[in-house]
Amino acid sequence: LLTSCGTRNGKHLITDNAYRKLVHLQFLKQRELAHGRDSVLFVVFNDELTKAETEGLEFLYAFMPLSDLAMNDGSYYLSQVKSSLEAKSFFSWGKDIPDDVFLHFVLPYRVNNEYTDTARQAFFAELKDRIKGMGMAEAALEVNHWCHEKVNYKSTDERTSGPLTSVRTAFGRCGEESTFTAAALRSVCIPARQVYTPRWAHTDDNHAWVEVWVDGKWQFMGACEPEPALDMGWFAEPVKRAMMTHTFVYGQYKGNEEILEKNDLFTRLNLLKNYTDTKVLPVKVLGT
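All figures in this text were calculated on a predicted structure; none of them were measured in a lab.

Calculation notes
- Residues numbered from 1 in each chain as written.
- Predicted model: local features only at pLDDT ≥ 70, side-chain atom pairs only at ≥ 80, totals over all residues.
- Heavy atoms only, no water.
- 1 Å grid on protein atoms, 1.4 Å probe; cavity = no way out; pocket = protein on both sides within 12 Å on 5 of 7 lines; lining within 4 Å.
- Points joined across faces, edges and corners; volume = space filled by probe spheres on them.
- Helix = DSSP H or I, 4+ residues; strand = E, 2+ residues; numbered from the N terminus.
- Nonpolar A, V, L, I, M, F, W, Y, C, P; charged D, E, K, R; others polar.
- Pairing = 2+ DSSP bridges.
- Buried < 20%, exposed > 50% of the residue type's maximum accessible area, 1.4 Å probe, protein only.
- Axes fitted to C-alpha atoms, helices over the stretch in contact; angles between N-to-C directions.
- Parallel < 35°, antiparallel > 145°, perpendicular 65-115°, else oblique.
- Left-handed = near helix turned anticlockwise from the far one by under 90°.
- Contact = heavy atoms within 4.5 Å.
- Phe/Tyr/Trp six-rings, centres within 6.5 Å; stacked < 30°, edge-to-face > 60°.
- Lys NZ or Arg CZ within 6 Å of the ring centre and 35° of its normal.
- Disulfide = S-S within 2.5 Å.

Asks: Give me the layout of surface pockets: which residues, what numbers.
Replies: Taken as a whole, the largest pocket holds about 760 Å³ of empty space. For the lining of the largest pocket, the secondary-structure elements that each account for two or more residues are α11 (174-187), β3 (192-197), β4 (207-214) and β6 (246-250). Sorting elements by how many residues they give to the lining of the largest pocket places β6 first, with five residues. Split by residue class, the lining of the largest pocket holds 13 nonpolar, nine polar and eight charged.

Asks: Requested: an account of the pairing of strand β7 (residues 258-262), with residues and values cited.
Replies: As judged from the four bridges shared by β7 and strand β8 (residues 266-270), these two strands associate in the antiparallel manner. Counterpart to Lys262 in the pairing with β8 is Thr267. Counted between consecutive antiparallel strands, the loop separating β7 from β8 contains three residues.

Asks: Lay out the environment of Lys21 with the relevant residues and their values.
Replies: With respect to the element layout, Lys21 can be found in helix α2 (residues 17-33). Taking the relative accessible area as the measure of exposure, Lys21 reaches 57% and is therefore exposed. Residues Lys21 and Lys150, spaced 129 residues apart in sequence, show a C-alpha to C-alpha distance of 41 Å.

Asks: An account of the pairing of β8 is requested, with residue identities and associated values reported.
Replies: Bridging between β6 and β8 involves five bridges; their strand directions are antiparallel. Across the sheet, Phe248 pairs through a bridge with Arg268, a residue of β8.

Asks: I'd like a rundown of the packing of helix α4 (residues 51-63) against helix α6 (residues 74-90), residues and numbers included.
Replies: Relative orientation of the contacting elements α4 and α6 amounts to 125 degrees, with a least axis distance of 9 Å. Relative to α6, α4 is oriented oblique. Between α4 and α6 lies a crossing of right-handed hand. Seen from α4, the contacting residues are Ala52, Glu53, Gly56, Leu57, Leu60 and Tyr61; seen from α6, they are Gly74, Tyr77, Leu78, Gln80, Val81, Lys82 and Leu85.

Asks: Can you tell me about the packing of aromatic side chains, naming the residues and giving the values?
Replies: Evaluated as defined, the whole model comprises 29 aromatic pairs. Pairing Tyr61 with Tyr77 gives two aromatic rings, centres 5.5 Å apart and planes at 65 degrees, and the pair type is edge-to-face. You can see Tyr61 sitting in helix α4 and its partner Tyr77 sitting in helix α6, a full 16 residues away along the chain. The same class applies to Tyr61 as to Tyr77, namely buried. Ring geometry for Tyr77 against Tyr109: centres 5.3 Å apart, planes inclined by 55 degrees, an arrangement best described as tilted. Highlighted residues: Tyr77 in helix α6 and Tyr109 in the loop between α7 (99-105) and α8 (119-131), separated in sequence by 32 residues. Every member of this aromatic cluster is reached through a ring pair, and the members are Phe27, Phe42, Phe45, Phe59, Tyr61, Phe63, Tyr76, Tyr77, Tyr109 and Tyr250. Lys154 extends its terminal NZ or CZ atom over the ring of Phe171, reaching a point 4.4 Å from the ring centre. Note that Arg193 overlies the ring of Trp218, its terminal NZ or CZ placed 3.8 Å from the centroid.

Asks: If you had to explain the state of the cysteines to someone new, which residues and values would you point to?
Replies: Under the counting rule described, the total for this entry stands at zero disulfides. With no disulfide partner, Cys147 has as its closest neighbouring cysteine sulfur the one in Cys224, 5.0 Å distant. Overall, Cys147 belongs to the buried group, its relative accessible area being 0%.

Asks: Run through unusual backbone geometry, naming residues and quoting values.
Replies: Comment: phi is negative for the bulk of residues other than glycine, and the bulk of peptide bonds are trans. The phi dihedral of Ala170 is positive, around 70 degrees, even though this residue is not glycine. Along the chain, the position of Ala170 falls in the loop between α10 (163-169) and β2 (171-172). For Ala170, a relative accessible area of 32% translates into the label partly exposed. The phi torsion at Cys224 lies on the positive side, around 60 degrees, for a residue other than glycine. Within the secondary structure, Cys224 sits in the loop between β5 (217-221) and β6. The exposure class assigned to Cys224 is buried, which follows from its relative accessible area of 4%.

The structure is reproduced here in structure tokens:
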């Protein structure tokens with residue numbers, strides 16, 4: 001696998017000392033919870049790993065849901081780290097992505113509650129030559145064109161399918177299309193997150209789409225709905241009247257967005273400011 005010279009020389013993937021310590025302590029807590037699967041999950045730390053690979057692996061273990069501690073083995077999670085670092089080194093924009101953005105929006109193998117699979121490796125192999133030499137924004141748009149070629153919209157009520165399953169069936173609802181598109185973008189080291197509004201103001205319905213971090217700024221796109229530029233989509237007007245748009249972030253995220261919810265494993269962010277004008281309305285609760 002291709003890795004950057006920096007990681008091979010032993011540089012940290014998590015450069016913030018305090019956050020690296022937080023991740024390590026949370027990793028130890030998770031390891032204790034999964035002590036019954038210690039030989040299956042954690043034996044990979046006995047391999048000859050770079051400092052970046054070790055820290056990336058600890059990050060994934062530190063914040064993964066308990067179901068994932070029971071589902072896959074250590075080689076699966078190590079392959080996610082190695083593939084992420086490979087893409088980071090392969091594409092020119094990899095060096096410009098801040099550590100915290102890479103950790104929370106590229107490295108995670110999970111977007112929602114989908115089945116986990118090996119989409120990262122499969123998508124990278126198919127996309128790398130298609131977008132090689134492009135700028136980051138152009139590449140993000142091209143990935144969305146590729147996603148449109150693979151998956152079309154179809155309403156479903158089953159559990160969110162994994163990205164590879166969406167490719168095999170060639171359909172998915174907006175939640176699955178956005179999960180699939182975010183996974184494809186992450187596979188080529190373009191930071192991505194799924195955005196969700198639980199109900200539109202104009203209709204009894206919801207919607208999910210994708211935000212991408214391009215050249216220092218979060219911008220949106222309709223998943224599998226390619227447009228000629230970022231920040232375009234059929235929902236661009238309705239979202240201005242949305243009561244809430246939010247995203248779940250893998251891990252204890254410390255970005256600038258408003259935090260709606262936070263626990264040991266994930267952070268939920270309010271993204272409404274990205275789509276419309278907002279203001280704070282103080283509320284005083286009186287006793288009854």
